[in-house]
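Report on the structure
Residue strings, one per chain:
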Amino acid sequence: MESVLKDFKNYMLLENGSVGWVDITSEFFDAVTFLKLGELFHDDLFGLFEAMSAIEMMDPKMDAGMLCNRGGKPTLNFEQALAEGRVKLEGLTLNEQTVIVDRTLSCFVSWLEGHSLAQTVFTNLYMHKPYLIECRPLKAFCICMYKIIDIIRDFVSRGMVFEEEDFQLAMYGYRLNPEISEQRTCGLLRDVEAELNEMIHSKSNVPSQEIEWAIALNARIRFMRLFYQLFLALKKDSIQISDGIGECYNLLTTCIEVLPTLLKTTSNFDSNSNNSTTDGGGWSELGFDATINQRLLPPTFPRYTKIKSNVDSFHYFEQLLFRLKQVLRITTYTSFHDALNYFIELSRTNPCIVSRSVMQVLYMPENGKVLGTTNIIDVLRETAKNFICPPVLSVRSLIMNKDEAKENVEAFFSHCVRPFTLFIQLCGHNRARQRDKLSHLLEDYAALQDEAERVDVYLHNISITMEPPRPHLACFGTWILYYVLKIMIMYLLSGFELELYSSHEYTYIFWYLHEFLYGWLISALTRAENMSLSQEFANENMKHRAGGNNRRNKVNKKKKIRSNSGEIAICQALQNICGAYYKAMIGFQLENKIRPPYYEFDNEKVRYDHRFSAFNVLLTPPLVQYSEFYEMTNRLKETGIDSLYFSASKLYHQARTVLESITNPDNEVNALLKVVKTNFVVLKVLASGHKRGHEHTLDFDFSSHHYFPIFKLNHRVSN
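So, here is what we can say about the structure in this document. (Residues numbered from 1 in each chain as written. Predicted model: local features only at pLDDT ≥ 70, side-chain atom pairs only at ≥ 80, totals over all residues. Heavy atoms only, no water.)

Attention shifts here to the packing of aromatic side chains. With the rule as written, the count across this model stands at 59 aromatic pairs. Ring geometry for Phe-108 against Phe-317: centres 6.1 Å apart, planes inclined by 10°, an arrangement best described as stacked. One end of the pair, Phe-108, is in helix α6 (residues 94–112); the other, Phe-317, is in helix α11 (residues 310–328), and 209 residues separate them in sequence. Seen from their ring centres, Tyr-626 and Phe-629 are 6.0 Å apart, and the 50° between their planes marks the pair as tilted. A residue pair is termed a helical-turn pair when its members lie 3 or 4 positions apart in one helix, as Tyr-626 and Phe-629 do in helix α22 (residues 626–637) at three residues. Using a relative accessible area of 12% as the deciding quantity, one classes Tyr-626 as buried. Taking the ring centre of Phe-413 as reference, the NZ or CZ of Arg-381 above it sits at 5.6 Å. Lying over the aromatic face of Tyr-491, Arg-435 brings its terminal NZ or CZ to 4.1 Å of the ring centre. (Phe/Tyr/Trp six-rings, centres within 6.5 Å; stacked < 30°, edge-to-face > 60°. Helix = DSSP H or I, 4+ residues; strand = E, 2+ residues; numbered from the N terminus. Buried < 20%, exposed > 50% of the residue type's maximum accessible area, 1.4 Å probe, protein only. Lys NZ or Arg CZ within 6 Å of the ring centre and 35° of its normal.)

Here helix α12 (residues 336–347) crosses helix α15 (residues 403–426) at 30°, and the two axes come no closer than 9 Å. Judged by residue contacts, Phe-336, Leu-340, Phe-343 and Ile-344 of α12 engage Phe-420, Phe-423 and Ile-424 from α15. (Axes fitted to C-alpha atoms, helices over the stretch in contact; angles between N-to-C directions. Contact = heavy atoms within 4.5 Å.)

This part covers the environment of Phe-680. The topology assignment puts Phe-680 in helix α24 (residues 667–687). For Phe-680, a relative accessible area of 22% puts it in the partly exposed group. For the pair Phe-680 and Phe-646, spaced 34 residues apart in sequence, the C-alpha separation works out to 9.4 Å. Excluding its chain neighbours within four sequence positions, the residues that come into contact with Phe-680 are Ser-649, Tyr-652 and His-653.

In the contact formed by helix α14 (residues 376–388) and α15, the axes pass within 9 Å of each other and the chain directions differ by 100°. Judged on the interaxial angle alone, α15 and α14 are roughly perpendicular. On α15, the residues touching Ile-376, Ile-377, Leu-380, Arg-381 and Ala-384 of α14 are Glu-410, Phe-413, Ser-414, Cys-416, Val-417, Phe-420 and Thr-421. Each residue belonging to the contact of α14 with α15 can be placed in one class, and the counts come to eight nonpolar, two polar and two charged. (Parallel < 35°, antiparallel > 145°, perpendicular 65-115°, else oblique. Nonpolar A, V, L, I, M, F, W, Y, C, P; charged D, E, K, R; others polar.)

Turning our attention to unusual backbone geometry. Cis rather than trans, the peptide bond between Thr-620 and Pro-621 has omega equal to -5°. We note that Asn-350 has phi near 55°; this positive angle belongs to a residue other than glycine. Among the secondary structure elements, Asn-350 is positioned in the loop between α12 and α13 (353–363). You can call Asn-350 partly exposed: its relative accessible area is 46%.

Let's shift gears to helix α17 (residues 475–497). The terminal C-alpha atoms of α17, which comprises 23 residues, lie 34 Å apart, in line with the 33 Å expected from a rise of 1.5 Å per residue. Judged by how many residues are buried, α17 sits mostly within the fold: 22 of 23 residues are covered. Positive backbone phi, approximately 55°, marks Glu-499, located one or two places after α17. (Expected span 1.5 Å × (residues − 1).)

With respect to the helices and strands, Gly-640 occurs in the loop between α22 and α23 (641–660). The class for Gly-640 is partly exposed, based on a relative accessible area of 25%. Separated by 53 residues in the primary sequence, Gly-640 and Gly-587 place their C-alpha atoms 8.0 Å from one another.

Further remarks concern the environment of Leu-117. Tracing the chain through its elements places Leu-117 in the loop between α6 and α7 (136–159). Leu-117 gets classed as buried once you look at its relative accessible area, which sits at 0%. Counting along the chain gives 10 residues from Leu-117 to Cys-107, while the straight-line C-alpha distance between them is 8.4 Å. Leave out the neighbours within four places in its chain, and Leu-117 touches Trp-111, Phe-122, Ile-149, Ala-170, Met-171 and Tyr-172.

Counting residues in each nonpolar core, the largest one holds 220 residues, and the members touching the most others are Phe-108, Ile-152, Trp-479 and Phe-708. Here this core takes 17 residues from α17, the largest share from any one element. (Core = buried A, V, L, I, M, F, W, Y, C linked by side-chain atoms within 4.5 Å.)

What follows is the structure in structure tokens.
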């Protein structure tokens, strides 16, 4: 072993006298056979750091030099490339300019997907000195690209929902040319469009191939102008009014209409090849060099960047534009409750960092403001009023006439700003980061629960002394509890989407959701609706005694009360679904359809405590101990396998009945219906004892729903 390491550490003289490395792979593997399992060989010059480096070297994902430094081609900056004729400032054909534009757009998309500007957009030497370019289309395109990069960086930095794997803000010393105004940039692009249109419609003898190139380049310049104008419109303060939204929708529609032309005329310069194009230009001759910025990268293993192909890039733009159409809908939600639900719904589709950041900025463009004009405290106050209608927030409330009561209520809503703002911001992060942040968000809401309980007790003591008495029974506490339960449910369900749970862990996850969380959530919603109705009736009686117009009051009542019946129905269906999974999983365990963990590594209590440790910070609802799950599960096991399957199928049927009663079902409800119907049939078959003497392999299919799998049984006859 020592001789092998000696050869590994030192240069060896080859037969011709040159210095190089000797392949010791076979000798190394022969030597390590003397080591026992778990033993490590340590040397002064080969420790753990060197071992990790040896693992990462020659890995295409980690070692960028493995591909970028091949060929021995010298790296030239802009001036050197210009002097050697590898970069042309004038005389570029329309086809060459189209190739450069397509390649740059592919680099731009790669940057949006998390790679650095130094390894993507700024591998284009023309982007280093755009003012020196004599070809007007390419010059206008490069300047516009600078502008778009700048405005997207602004959106992402203001949105504050990016992580290191999502986006890189570093500019590596490049300056984004702020001296060019927005109007001037759009003017340059329009002038180029006019010139190309004149060439396309010219009656002179222009070769047909030139016309095709002009059409292709013109479509790209037009797309860049519309794309830039779209982000300028999104950035304006007027986006919150109908005219601003209409302008954005028009620009989005026009951009989407241009994309088919871009796909049809895409250049044949493939991002995975360094071969020349049809016009004889290669990578370097077209002004691109992947190693130009290697010296600017940090002193770590450089990240290998694989640039997307032109077709994939245009498809990315298409998806981005459709996502921005969805994002614009957030400006129509004036209720915080509805806006939060839309954030959660859109987050499940895994949107890109650009659309997530734009959505954050549109809804909360500045600290303390919602949709640009409304104070967030006023929005939260109105949300609490619509949810549970606390007596203290009533128009005719006498409690708010007391200065101390008013100060307590205002202080409570001031404390609500941070947790609710973080909740909105959390929905903008990628799905993996959301789970980590949900556990930390529970800590903020736990403190807010204490504040809500203190205010409720204070207001209740005052309200019962009023004439007539208007009890303030845990109104704010119920409101905060509703959001705490939503966070807890999101935390547990995200584990299915991120594939964190083993199949034998599904039992206590679904048990916790069925027995406690959804039950508490239904109770909170029902309590809120009952209190809202009682408060509205009390207000009506006061108005009636005051001689108000009953007809007008009835109309106002209909406008004020927000019914929770639809959300209660969904929660009841989900509670039944989780209960069905819980009982079905016990039956699967009894039939050995689920592979248990190895005995020496199995401690269910430890795993249970680990999965629910994030709930320790909460007093309401309290953390349910493992002993309760263990006792309840053992009692169910005694009922028998057939009884478990029958009970589970019955719960699926109840969930199906509730879901089918919902009017205007959305995609979520339809996906749940598919899962419920399929699993109902599977469990009915199992409950009947069909092929009980056969062995089954059980698979969980999450293709229809992120959280609730479809059971798939593969029958295998036992020997």
